[in-house]
Amino acid sequence: MATSNCIKCGPCGADKTISAAVIWCYNCNEGLCSKCSVQHKRLKLTHGHKTFDVKTYTKLPQINTECHEHSRQFDLYCQIHLTPCCDECVSIQHSKCSEIKCLATVIDKTKTAIITNLLEKDIASILSTFDEVINTKTENIKHGDEKQQKIQEDIKEITKGLQSNHLDRLKVELQNDLDSVWDDEKLKTKAFINEIEEKKTDLNEILHSLLALSKHSSKTQQFLGVHQIEQQMNQYKRYIDELWQDGRMKDVCIDVEENSNFLKVVTALESLESLGHVFVVRKEASRDNDNIFREVQVECRDSPFFRNISLELETKKDILHINDTLQVVTAMICLTDNRVILIAGKEKYFYLGLTAFSRKILKY
């Protein structure tokens, strides 16, 4: 786009005078100052030219009327390659092309208005496609966020009531993996939406330029401008085809493939009626009588008082028959109060006194 500050009056410039242009004549393809514009309207040759405000001209797209390779005006047209050419282009790049026509003749025969109308429809169709893509991807992000939340709830539900450090670690790892995968995919989707938004902005500018060309440009400028826009539209169509091929137009979704082993464990746990039953185990204990007796006996200290003791028989008593049966004393315990416990046979008998032995036998 040109700016109003750089648009100079063409006739004044030819006289080596610098004047700011106030109108633009697309027939002459140059700017005119206020003084030259008056003369321009008076001349019979130019009074029918189409002119408009120079500010409007600055909003028009820049149309290349010269070959960028050879810096020469386009004056020919190759109908095989559908492109304008200069003399140098024809001699070098289109020397074998048989359909080289005069550009002015092609412009006169071309119904630019029909092509412009078709381009407007193409632009509207592509803009509609872009809007659909943006809406779809925006819904994808919304549904993906909902799916992420649902999966997190499912993870909590399926592990509810199961307490294990290892299981807790696996649950955290799965949740982190879920967040990481979806966040990465969501960033890609948002970047793609921004890319489409930029394409929409550029395409709207192209549409604005197309409409401006049809109103404020000469036939040559309009023809060349429409040709350039056609090239741009072909690029947009290829861009959309590539989006379908690389898969970026597909809906985005996330899910979790459940571990079959974990599901088997959970199912098995749910089918359990109990974790087991309690019973008593009795084991044979090893017994060492000698050790037991040695442990309960107390070793007496050696004392000179108990050495060289001689025993004297103080009293002799006869053991009576008990129940007319002679009893054999198998054991005897002397008590500190001079009583004696006699064990005769299988029964226990108690005798009162050792020195004054009683004939009365008390059964214990």
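Per an unreviewed UniProt entry, the protein goes by the name B box-type domain-containing protein and belongs to Mytilus edulis.

Q: Break down the sheet that holds strand β4 (residues 76-78) for me, with residues and values.
A: Strand order across the open sheet formed by three strands is β5-β4-β6, with antiparallel pairing between neighbours. Each edge of the sheet is formed by a strand with only one pairing partner; in this case those strands are β5 (83-85) and β6 (100-102). Averaged over all neighbouring strand pairs, the angle between strand axes comes to 35 degrees, with direction disregarded.

Q: Break down the packing of helix α6 (residues 112-158) against helix α8 (residues 219-245) for me, with residues and values.
A: For the pair α6 and α8, the least separation of the axes is 10 Å and the interaxial angle reads 30 degrees. As far as their axial angle goes, α8 and α6 are roughly parallel. For α6 against α8, the interelement crossing comes out left-handed. Of α8, the residues touching α6 (which contributes Thr112, Ile115, Thr116, Leu119, Asp122, Ile123, Ile126, Thr129 and Phe130) are Gln222, Val226, Ile229, Glu230, Met233, Tyr236, Lys237, Tyr239 and Ile240. Residue composition of the contact of α6 with α8, by class: eleven nonpolar, four polar and three charged.

Q: Hey, could you go over the side chain of His94 for me, with residue numbers and the actual values?
A: Tracing the sequence through the fold places His94 in the loop between α4 (87-92) and β6. With sequence-adjacent residues up to four places away left out, His94 is seen in contact with Cys78, His81, Thr83, Cys85, Cys89 and Ile100.

Q: Explain the state of the cysteines to me, using residue names and the numbers behind them.
A: What makes a disulfide is a covalent bond joining the sulfur atoms belonging to two cysteines. Counting across every chain of the model gives zero disulfides. For the unlinked cysteine Cys9, the closest cysteine sulfur is that of Cys12, found at 3.5 Å.

Q: Provide a residue-level description of a negative patch on the surface, including the pertinent values.
A: On the surface, a cluster of negative charge is made up of Glu197, Glu198, Asp202 and Glu205. Summarising the element assignment, Glu198 is placed in helix α7 (residues 165-216).

Q: Now, about the packing of aromatic side chains: what can you tell me, with residues and values included?
A: Evaluation of the coordinates by the stated rule reveals four aromatic pairs. Relative to Tyr57, the ring of Trp24 has its centre 3.7 Å away and its plane inclined at 15 degrees; by these criteria the two rings are stacked. Of this pair, Trp24 sits in strand β1 (residues 23-25) while Tyr57 sits in helix α3 (residues 54-58), and the two are 33 residues apart along the sequence. Relative accessible area serves as the criterion here: at 7%, Trp24 is assigned to the buried category. An angle of 55 degrees between the planes, with centres 6.4 Å apart, marks the rings of Phe130 and Tyr236 as tilted. Taken as a pair, Phe130 in helix α6 and Tyr236 in helix α8 lie far apart in primary sequence, 106 residues in all. Each member of the pair, Phe130 together with Tyr236, is buried.

Q: Let's hear about the pattern of salt bridges: which residues, and what values?
A: Going through the model one piece at a time under the given rule, you end up with ten salt bridges. In this structure, the salt-bridge partner of Arg72 is Glu88, at a minimum N-O distance of 3.3 Å. Of the two residues, Arg72 sits in the loop between α3 and β4 while Glu88 sits in helix α4, which places them 16 residues apart along the sequence. Using a relative accessible area of 30% as the deciding quantity, one classes Glu88 as partly exposed. Three or more residues are tied together by salt bridges with common partners; here these are Arg72, Asp87 and Glu88.

Q: Requested: an account of the layout of surface pockets, with residues and values cited.
A: There is about 540 Å³ of room inside the largest pocket. Taken together, 21 residues form the lining of the largest pocket, with Ile155, Ile158, Leu174, Asn259 and Phe262 sitting closest to its centre. Among the secondary structure elements, those contributing two or more residues to the lining of the largest pocket are α6, α7 and α9 (260-271). Per-class residue counts for the lining of the largest pocket are twelve nonpolar, three polar and six charged. In this structure, the second largest pocket occupies an estimated 280 Å³ of space. Looking at the second largest pocket, it is lined by 16 residues, and the ones nearest its centre are Cys67, His68, Phe74, Thr83 and Pro84. Mapped by element, the contributors of at least two residues to the lining of the second largest pocket are β5 and α8. Take the lining of the second largest pocket: its biggest share by element is four residues, from α8.

Q: How would you summarise the nonpolar core if you had to cite specific residues and measurements?
A: Judged by nonpolar contacts, the single largest core of 38 residues is most densely connected at Phe130, Ile196 and Leu203. By residue number, the principal contributor to this core is α8, which donates nine residues. Leave out the neighbours within four places in its chain, and Leu203 touches Ile123, Ile126, Leu127, Phe130, Met233 and Tyr236.

Criteria and cut-off values
- Within each chain, residues carry numbers counting from 1 in the order of the written sequence.
- Predicted model: local features are reported for residues with pLDDT of at least 70 only, side-chain atom pairs are reported and counted for 80 or more only, and whole-chain, interface and lining totals are derived from all residues.
- Values reported for side chains reflect all heavy atoms of the structure, with hydrogen atoms and water molecules removed beforehand.
- In this scheme, strands are said to pair when DSSP sees at least two bridges between them.
- Only DSSP runs of H or I with at least four residues qualify as helices, and only runs of E with at least two residues qualify as strands; both kinds are numbered from the N terminus onward.
- Orientation is described by axes fitted as lines to C-alpha atoms, over the contacting stretch for helices, and by angles from 0 to 180 degrees between their N-to-C directions.
- For this classification, under 35 degrees means roughly parallel, over 145 means roughly antiparallel, 65 to 115 means roughly perpendicular, and everything else is oblique.
- The crossing is said to be left-handed when, going from far helix to near helix, the turn is anticlockwise and less than a right angle, and right-handed when the turn is clockwise.
- Here a residue-residue contact requires only that any non-hydrogen atoms of the pair lie within 4.5 Å.
- The residue classification treats Ala, Val, Leu, Ile, Met, Phe, Trp, Tyr, Cys and Pro as nonpolar and Asp, Glu, Lys and Arg as charged. All others, Gly included, are polar.
- Pairs of cysteine sulfur atoms within 2.5 Å are identified as disulfides in what follows.
- Patches draw on residues past 30% relative accessible area with no salt bridge. Two like charges within 9 Å are joined, as are two nonpolar side chains (Val, Leu, Ile, Met, Phe, Trp, Tyr) within 5 Å.
- The accessible surface values rely on the Shrake-Rupley method and a 1.4 Å probe; as for residues, cover is taken only from the protein chains in view.
- A pair is scored as a salt bridge if a Lys or Arg side-chain nitrogen falls within 4 Å of a carboxyl oxygen belonging to Asp or Glu.
- His residues and chain termini do not enter the charge count, which takes Lys and Arg as positive and Asp and Glu as negative.
- Note that the charge is assigned to NZ on lysines, CZ on arginines, CG on aspartates and CD on glutamates.
- Two aromatic rings from Phe, Tyr or Trp, using only the six-membered ring of Trp, form a pair when their centres are within 6.5 Å; if the ring planes differ by under 30 degrees the pair is stacked, by over 60 it is edge-to-face, and anything between is tilted.
- Buried residues are those whose accessible area, probed at 1.4 Å on protein chains only, stays under 20% of the maximum for their type, while exposed residues exceed 50% and partly exposed ones sit between those limits.
- Only protein atoms enter the 1 Å grid used here. Points where a 1.4 Å probe fits but cannot escape make up a cavity, open sets with protein on both sides within 12 Å along at least five of seven lines make up a pocket, and a residue lines them when an atom lies within 4 Å of a point.
- Grid points are joined across faces, edges and corners, and a volume is the space filled by probe spheres set on the points.
- In this description, a nonpolar core means a group of buried Ala, Val, Leu, Ile, Met, Phe, Trp, Tyr and Cys residues linked to one another through side-chain atoms lying within 4.5 Å.

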